[in-house]
Protein chains: 2
Amino acid sequence: MNITMRRAAAALRQADDILILTHAYPDGDALGSLFALYLLLVRMGKRVRYYTSDEPQNLTFLRVEQPPAEGFKPRFIVTVDVADRKLLGDEMNEKYGAWVDLAIDHHGSNTGYANKTLVCPEKAAACEVLYDLMRAMHESLSPEIALRLYTGIATDTGCFRYANVTADTLRAAAALMDTGIDAVKVNNDVFETKTRQYVLFERMAMNALETFHNGQIAVMTLTQEMFRKAGVGESDVQGIKALPRMIEGVLAGFTLTEKEPGRWRVSLRSRDPVDASVLCALFGGGGHKYAAGCELTGTAEEVSARLVRAAEEATAHN
Amino acid sequence: MNITMRRAAAALRQADDILILTHAYPDGDALGSLFALYLLLVRMGKRVRYYTSDEPQNLTFLRVEQPPAEGFKPRFIVTVDVADRKLLGDEMNEKYGAWVDLAIDHHGSNTGYANKTLVCPEKAAACEVLYDLMRAMHESLSPEIALRLYTGIATDTGCFRYANVTADTLRAAAALMDTGIDAVKVNNDVFETKTRQYVLFERMAMNALETFHNGQIAVMTLTQEMFRKAGVGESDVQGIKALPRMIEGVLAGFTLTEKEPGRWRVSLRSRDPVDASVLCALFGGGGHKYAAGCELTGTAEEVSARLVRAAEEATAHN
């Protein structure tokens, strides 16, 4: 059931023994909203714990240590930034997916898996929803909380760059900066610093970028060997995946990620007249008009050739 | 003479037959402030012209056409975003550098070349200064003006990422977005779109990146041949130059740009304990503690080796 900001505030005020979850492969918004909510609820005098799977190296500054569990038994489960219970990861989904009390989210695609859902699709980040929720609760911003909310908003907006940014997003960020947080350090850590492994991977990725069909189709192939050689995980190199679609004149930008030998996850970003969801549906996948995905098996060359052929037909409607 | 916002406003109100200049190799802030001021003064009923040298391809959307000169004789010269009259370029400096009436700028290093100088070093961009100036003048924002001011602020802050961003910068950007401008398109054009030539150059640049001294020194060499092969000019690829200093653990990040065969402009960004200005002074250059430059002649290998040797000594104080 979708609920209002006010109802969500009341639910949190009443709750205790709260477990906070976010999605697997967490990004800055997932971890930012998780730790911000944790700090808020601790400050409100609640017994709270959180669970995260892994944490990207460049986001460890967000972490707040929690005391040992000592027989903690959750009675209220909150998720932040989780559009679908499957995204909790197998273990957490099995354990808690069926009885989430409150989901705080900004994905219009939220499946409504929770008992109560506060979803604000017009917000750029779960952290922006939390910022509004805290205002609705008349809870003041501490710099510790503000740092995490800022990081989440900055992450999910590509540092205020993407289509999800509104004037209100910028005003929220301004208010968060007013607490005196070192936003520059956040931006540096999140956006301006690349690990040597990242740079190594980026170089390999750029060299693995090919264009076809007079530059209208771009394919970047990220192999398991590349990940292994560079010593990075998928969550470390999310930004690189956007490259094919960033190239001027590209109507279909594919990123192929090798999940296991010979099995590829395909991410497609498109521009008119290429409909990404239609194209990916040809291979049993789906998504949105300008962003969709599918899975294919075969060698990189085979998979790439099949996709390029399909994309050529799609651009032919130009 | 440094003047207040109010005095600058009065000077603009009184002026007519105004020529607006900005620096050579203009970026988004230079062109944004130039065209925004042009639009404002035209709206105020003034006779105005502007001059720009070149314009980067991705910023042509900022351009406002001006009618033919028809015997226009400037009686009031304004510069925007010009810290030093030399930056006007040889032609404009020679012609107008000595009699600039008003400089509107945000560089603390402004040399005071103008008769009256409105310099606000705490502002992230000349466009942010102009935004404040327009408020002081009680001049309303049109979407056309807001689009150019937003672009300038976004450009000079790396889309709200750099150390120059304050909460006020974000509030200014929010107010500019409130006029209904398509900020997403700006961000896409300026930050999320790469030309094929850019991508080609970026690939070559990444392959030309070397690290030394256990990853503490990074050198990227941009040759004339690379510019020629990719078909780009220096102003098109400014962002790439930051790469060496972005790598985690790098204390001295050099970018070598070949100005003419065998003559190199060296740009150095450093972290403690490497003092960039001290290091560049060894080669007759200078600058700031963490950002400095110099010029060297020789082959790429020779120049790189000399710089790396000097940087090794500088890091040895670690």
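All values reported here derive from a predicted model rather than from experimental measurement. (Residues numbered from 1 in each chain as written. Chains lettered and ligands numbered in written order. Predicted model: local features only at pLDDT ≥ 70, side-chain atom pairs only at ≥ 80, totals over all residues. Heavy atoms only, no water.)

A. Expanded view of the interface of chain B and chain A. Across the boundary between the two partners, chain B contributes 37 residues, which contact 38 residues of chain A. Of the roughly 3700 Å² buried where chain B meets chain A, counting both sides, 57% is carbon and sulfur surface. Its largest share of buried area at the contact with chain A, chain B owes to R161, E192 and M246 of chain B, together 20% of the area lost on that side. Where chain B packs against chain A, one counts 2 salt bridges. A salt bridge links D178 of chain B to R171 of chain A; the nearest nitrogen and oxygen atoms lie 2.2 Å apart. Connecting chain B to chain A are 14 residue pairs in polar contact (both at pLDDT 80 or more). Secondary-structure elements contributing two or more residues to the side of chain B that touches chain A are α6 (167-177), α7 (183-192), α8 (196-207) and α10 (243-246) of chain B. It is α6 of chain B that provides the largest number of residues to the side of chain B that touches chain A, a total of 7 residues. (Contact = heavy atoms within 4.5 Å. Buried area = accessible area lost by both parts, 1.4 Å probe. Salt bridge = Lys/Arg side-chain N within 4 Å of Asp/Glu carboxyl O. Polar contact = N/O pair within 3.5 Å; in protein donor to acceptor, adjacent residues only side chain to side chain. Helix = DSSP H or I, 4+ residues; strand = E, 2+ residues; numbered from the N terminus.)

B. Summary view of the pattern of salt bridges. Within this structure, the stated rule accounts for 40 salt bridges over all chains. For the salt bridge of E260 of chain A with R263 of chain A, the shortest nitrogen-to-oxygen distance reads 3.3 Å. The partly exposed category is assigned to E260 of chain A, whose relative accessible area is 41%. For R263 of chain A, a relative accessible area of 26% gives the class partly exposed. K289 of chain B is paired through a salt bridge with D272 of chain B; the nearest N and O atoms lie 3.7 Å apart. A residue pair is termed long-range when its members are at least 10 positions apart, and K289 of chain B in the loop between β10 (286-287) and β11 (291-297) and D272 of chain B in the loop between β9 (263-270) and α11 (276-281) qualify at 17 residues. Of the residues examined, K289 of chain B reaches a relative accessible area of 42% and is grouped as partly exposed. Salt bridges sharing partners connect three or more residues here, namely D16, D17, R47 and R75 of chain A. (Buried < 20%, exposed > 50% of the residue type's maximum accessible area, 1.4 Å probe, protein only.)

C. Local environment of the sheet that holds strand β3 (residues 76-80) of chain A. Residues and elements named next belong to chain A. Judged by pairing direction, the sheet is parallel, and its 5 strands sit side by side in the order β2-β1-β3-β4-β5 without closing on themselves. Only two strands of the sheet have a single partner each, and these edge strands are β2 (48-51) and β5 (116-119). The mean inter-strand angle of the sheet, taken between neighbouring strand axes irrespective of direction, is 20°. For strand β1 (residues 18-22) and β3, the ladder comprises 5 bridges, and the chain directions are parallel. Within β3, the residue paired with L21 across the bridge is T79. Strands β3, β4 (102-105) and β5 of the sheet are contacted by helix α1 (residues 5-14), whose axis makes an angle of about 130° with β5. (Pairing = 2+ DSSP bridges. Axes fitted to C-alpha atoms, helices over the stretch in contact; angles between N-to-C directions.)

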